[in-house]
Structure formats: structure tokens, C-alpha cells
Amino acid sequence: MDYPRGTITEQTFYSNELGEEMQLLIYLPANFSPLYKYSLLIAQDGRDYFQLGRIGRVADEYLSIKEMENLIIVGVPYKNVKDRRRKYHPAGDQNRQYIRFLAHELVPFLDSEYPTYQVGTTRALIGDSLGAAVSLMTALQYPHTFGKVLLQSPYVDEIVLEAATHYTEPLSLEIYHVIGKLETEVKTTDGKTSDFLTPNRELSKVLSKKPFSYFYEEFNGNHTWTYWQPDLRRALKMMFS
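Note that the structure is a prediction, hence the values are computed from the model and not measured. (Residues numbered from 1 in each chain as written. Predicted model: local features only at pLDDT ≥ 70, side-chain atom pairs only at ≥ 80, totals over all residues. Heavy atoms only, no water.)

1. With respect to unusual backbone geometry
This is how the line gets drawn: Under the scheme used here, helices are H or I runs from DSSP no shorter than 4 residues and strands are E runs no shorter than 2 residues, and both carry numbers assigned from the N terminus. For every residue, the accessible area (1.4 Å probe, protein chains only) is compared with the maximum for its type, and the residue is labelled buried under 20%, exposed over 50%, or partly exposed between those bounds.
If you check the backbone angles, Lys66 has positive phi at about 60° while not being a glycine. Take Lys66: it is sitting in the loop between α2 (55-64) and β4 (71-76). Since its relative accessible area comes to 73%, Lys66 is described here as exposed. Phi angles above zero are rare outside glycine, and Ser129 is one such case at about 55°. Summarising the element assignment, Ser129 is placed in the loop between β5 (123-128) and α5 (130-141).

Rendered as C-alpha cells:
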């Protein structure tokens, strides 16, 4: 069935934190109106979520059949593999600046440009792999700004586990977390092979003890968009219905 399509526009935004122009892909629903208020979903790996994840199409469908609240989706693309690692990896040399860019620059900019609710519970972050890692780290650091996180096969190391373990904010987050049962030998961008499943199970043990609204599932699949794309349907419905 063909649903009314939202628009996706590209714009650039200069980040003082990162000292560079950042590209933004902004999805507005088909019936967008400044008279309505909108929740906000910010996607790391922004171009991948629109092209491979087809997140705009899923939103078009759910919004037209009223299965989802009004939502603006903002994709933040990475420039190349090296750039992605520098910004998303917990040990990346731009990781802290990127997290501050999301919380201190991007959110105020979007709140000034669009009719958003301007409260943390209506703002979400999504990412896959390293993009999921930086999404989680950002929400743990800024729970007042981002109340929801959608994690698709996150990269999890000691830094991520420690941040989750030591999270003591009374503010509870809503977390959606999936990992594939076949993600035991994932080829990473640095040419190595990593077991993603075991550390994700560790993370799940930590998060399930927190006073969070927390969903965790292991799907039958590996570390690819073949599985993340169809999972987006449930993820969006669960977090924004």
C-alpha cells in the first residue's frame, strides 16, 4: 500500500564542539504542521538508517495509520569509516565532543527550528553497532535531554559496561536493546573479529537491574541490516506508539 510520504531534506550545521560542518538529514511527516508538537528521534549512521533501514518509509506507514505519535527523525551521517570510529567509539578521540554536540548543540538547534516538545521523555537516540554505543553513552550522560534509546547490536566494551553500571541518576530511561545470536564473530572496521553477543549479554544483566523500562531480545541473525531493517518496525512501534 502506498502511504503519504514525508519529506527528507539535507542541511548543514556547524558544530563548535567538533569544529566542523555536520550534515543533517531531516524527515518531516507528510502532514507536518507547525501547529502540532513532535517527538524527536536522532539517528547515528543517519544515511544508513534512511537508505538501508528505510526508516522514513516505516514512519510514513505508522503515522498514516496512526500507530505512532508525531515524530521528526534526524539522521546524522558519518563522513567515512575513520570519522565514524573517531566520533562513535568510546575511546575515539572525538567521542566526548560528539556527545556534547548531540546534547548541547543539535538538540537546542532542533528545538529552535521545529515544534518539538522540548522534554527528555520525547527525545530518543538510535544507532547500530558503534552508533548504538554512542547513543547509549549519550543518554547515560544526559538523561534529562534524551529519555529513550534504541540499540541495535551495540558495540559494548569495558567503558560502556562501566558507564551503565555506574549510572545512578534517579531519572529512568526507556531502553530498547536487540542483538543477534549469530554475532559471535563480527568483522569490525579495524579489520579485527569480535564477539558482540557475550558483552551484550553482560550489558543486559546490568541494565535489567536498573529501574528502567527495558526491553531486550536476541534475534536469530547476524550483524547486518538484513536483521536491523525489519526490527525497526517493532522498535519504533514500541518506543513511539
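2. Comments concerning helix α4 (residues 95-113)
Going by this rule: Expected span of a helix, by definition, is 1.5 Å for each gap between consecutive residues, and there is one gap fewer than residues.
With 19 residues, α4 should reach 27 Å at 1.5 Å per residue; the first-to-last C-alpha distance of 26 Å fits that figure. Regarding α4, the residues found buried are Asn95, Tyr98, Ile99, Phe101, Leu102, Ala103, Glu105, Leu106, Val107, Phe109, Leu110 and Asp111.

3. Things to note about the sheet that holds strand β1 (residues 7-15)
Basically, it comes down to this: For two strands to count as paired, DSSP must find a minimum of two bridges between them. Fitted lines through C-alpha atoms give the axes, limited to the stretch in contact for helices. The angle between two N-to-C directions lies from 0 to 180 degrees. Note on contacts: a residue pair is in contact if any heavy atoms of the two residues lie within 4.5 Å.
Spatial ordering of the open sheet is given by β1-β2-β4-β3-β5-β6-β7-β10, a layout of 8 strands whose pairing is mixed. Edge positions in the open sheet fall to β1 and β10 (213-219), since each of these has one partner strand only. Shown here is a sheet whose adjacent strand axes are inclined to one another by a mean of 15°, direction ignored. As paired strands, strand β2 (residues 20-28) and β4 are joined by 3 bridges and run antiparallel to one another. Within β4, the residue paired with Ile26 across the bridge is Val74. The strands touched by helix α3 (residues 81-88) within the sheet are β2, β3 (39-44), β4 and β5, with β2 carrying the most contacts at an inclination of about 90°.

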